[in-house]
Amino acid sequence: MMKTKRVRNILLVLDSAQPFHRAVMSGVGAFVRGSELDWRLSISKRLPEDLSGMDGLITDAETPGLELVLPRISALPGVFIASAASAGLAAAEPRVCADNAAMIGLAIAHLRENGVQYLAGFSLLRYQDMPWARERLEAFRAQAGANPRLREAVSPPDGSTASVQDLDWVRALPTRTGVVAVNDSAARELLQLCEQAGRQVPRDIAIVGIDNDPLVAALSPLPISSVTQPAEEIGRKAAELLRRRLQRPLEAPAGLAIAPQGVQLAATSSKASTLVSGALEFIDAQLGRCIKAQQVADFMGVSRATLERSFLTQLGVTVHDELLRRRIAQAKSMLARRELSTSEIARHCGFRTQQYMHVVFKREIGLSPAEFALHAPQAGEAPE
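Structural notes, computed from the coordinates. (Residues numbered from 1 in each chain as written. Predicted model: local features only at pLDDT ≥ 70, side-chain atom pairs only at ≥ 80, totals over all residues. Heavy atoms only, no water.)

**Details of the pattern of salt bridges**
Then step 1. Tallied over the full model, the rule gives 18 salt bridges.
Then step 2. In this structure, the salt-bridge partner of arginine 151 is aspartate 166, at a minimum N-O distance of 2.7 Å. In this pair, arginine 151 sits in strand β7 (residues 149-153) while aspartate 166 sits in helix α5 (residues 164-172), placing the two residues 15 residues apart along the sequence.
Then step 3. Residue classification places arginine 151 among the partly exposed residues on the basis of a relative accessible area of 23%.
Then step 4. A relative accessible area of 1% means that aspartate 166 is categorised as buried.
Then step 5. Put simply, glutamate 233 and arginine 236 hold a salt bridge, and the shortest N to O gap is 2.9 Å. (Salt bridge = Lys/Arg side-chain N within 4 Å of Asp/Glu carboxyl O. Helix = DSSP H or I, 4+ residues; strand = E, 2+ residues; numbered from the N terminus. Buried < 20%, exposed > 50% of the residue type's maximum accessible area, 1.4 Å probe, protein only.)

So this is what it looks like as structure tokens:
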């Protein structure tokens, strides 16, 4: 009589609302299917009170309060995932995490390949106690070479009332600086600071984020170049490690750091072709003349369709969107200096009328030009 394999009940204590956890679950599932394991996977956002009948579990080492329930799960073979090697539990616990140093190294290499002359690191004060942010900043300091510029910004998420110190830091960055942001959210806020400071991305400042977060990408004013977090591979390796623990329960637990998958190229760091870079130079020179996409194409000697394809491929935006973005960025910088009237700024930035600039500001940033000028700090002015 043929002996049937015992089905293993495996619990994934992960939150399907989190993109990172969803990708980890996908990796676990891929490993289970590829290895033809007799595992019955269950998913729970929180650790259940009753773990009877469970043969193993995979959970996040950074789950709040996890240390309080460790005694209940200590007898159950488990593997922990984490955002950093230093995160959460004691080093003796079996864990799989992202290799933060390797992700920083990949970001720096990408920026150098794209011709930057200077390097800077960018984080946010709200991340200062998070292990993954600390590891990434430490790796940047170790790999960036001499005199890297670092900033942990205090800007709020919407970037509407950036501090003077944050804006001054961005204004002081030399042209052709490459900035590694600790994650995509920090990269997005840096983009907003660059707009307010009148710095062009990627011509003046190139930016690379980390995590390749689709939600942040959808909310960003420009598509963000980003190092892809190896979340699915973390899931696969966690499942592989759990299988080993089930097969060899007396073996000492292991720890793995998973290398990143690559850089997702986008508008904030990729090299522009001669066509696109020439078009951007023409746009900057003629911004105050209310030029339109067709005039840019005519100047470059190509059809509008050809120019649009190049902009979408290399910058991820249409020519019209880039024109509008640059007009808004220039207007923000001029409004913050408070040297000209709103009508003069509208004329200098290529808006047809002051009323049209008002409509664009309300639609794009949720503030009128006057409201933006009221909240925007001037250079050298102390924030409230």
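**As for helix α3 (residues 100-113)**
Given 3.6 residues per turn, any residue in an α-helix points the same way as the ones three and four places further on.
Then step 1. With 14 residues, α3 should reach 20 Å at 1.5 Å per residue; the first-to-last C-alpha distance of 20 Å fits that figure.
Then step 2. Among all positions of α3, only Asn100, Met103, Ile104, Ala107, Ile108, His110 and Leu111 are buried. On an axial view of α3, the arc spanned by its buried residues comes to 160°, and they lie on one face.
Then step 3. Two or three places before alanine 101, at the start of α3, stands the capping residue aspartate 99, its side-chain oxygen 3.3 Å from that residue's backbone nitrogen.
Then step 4. The first or second residue beyond α3 is glycine 115, which carries a positive phi of 85°. (Expected span 1.5 Å × (residues − 1). Arc of directions from axis to C-beta. Polar contact = N/O pair within 3.5 Å; in protein donor to acceptor, adjacent residues only side chain to side chain.)

**Looking at helix α9 (residues 274-286)**
Then step 1. Taking 1.5 Å as the rise per residue, α9 with 13 residues should run 18 Å; its terminal C-alpha atoms sit 18 Å apart, in good agreement.
Then step 2. In the core, the buried residues of α9 are packed alongside α10 (293-300), α11 (304-314) and α12 (319-337). (Contact = heavy atoms within 4.5 Å.)

**Here's the deal with the sheet that holds strand β5 (residues 95-98)**
Then step 1. If you trace the six strands from one edge of the open sheet to the other, you get β2-β1-β3-β4-β5-β11, paired in parallel fashion. Edge positions in the sheet fall to β2 (39-44) and β11 (255-258), since each has one partner strand and no second. For this sheet the average axis-to-axis angle between neighbouring strands, irrespective of direction, equals 15°.
Then step 2. Across three bridges, the pairing between strand β4 (residues 78-82) and β5 is parallel. Bridged to alanine 82 within β5 is cysteine 97.
Then step 3. On the sheet, helix α1 (residues 19-34) packs against β1 (8-13), β2, β3 (56-60) and β4 and is oriented at approximately 170° with respect to β2.
Then step 4. Running at roughly 160° to β4, helix α8 (residues 231-247) makes contact with β1, β2, β3, β4, β5 and β11 of the sheet. (Pairing = 2+ DSSP bridges. Axes fitted to C-alpha atoms, helices over the stretch in contact; angles between N-to-C directions.)

**Here we look at unusual backbone geometry**
Then step 1. Cis geometry marks the peptide bond from valine 201 to proline 202; its omega dihedral reads 5°.
Then step 2. Position of proline 202 relative to the elements: it lies in the loop between α6 (184-197) and β9 (205-211).
Then step 3. The phi angle at arginine 176 is positive, at roughly 70°, despite the residue not being glycine.
Then step 4. Within the fold, arginine 176 resides in the loop between α5 and β8 (177-181).
Then step 5. Backbone geometry at cysteine 290 places phi at a positive 60°, although glycine is not the residue there.
Then step 6. As for its placement among the helices and strands, cysteine 290 is situated in the loop between α9 and α10.

**Digging into the packing of aromatic side chains**
Pairs of aromatic rings are described using the distance from one ring centre to the other and the angle between the two planes.
Then step 1. In this structure the tally under the stated criterion is five aromatic pairs.
Then step 2. Positioned above the aromatic ring of tyrosine 356, the side-chain terminus of arginine 352 is 4.1 Å from the ring centre. (Phe/Tyr/Trp six-rings, centres within 6.5 Å; stacked < 30°, edge-to-face > 60°. Lys NZ or Arg CZ within 6 Å of the ring centre and 35° of its normal.)

**Brief notes about the side chain of serine 269**
Then step 1. Here serine 269 shows up in the loop between β12 (263-264) and α9.
Then step 2. The exposure class of serine 269 is buried, given its relative accessible area of 4%.
Then step 3. A distance of 2.6 Å separates the side chain of serine 269 from the side chain of histidine 110, its partner in a polar contact.

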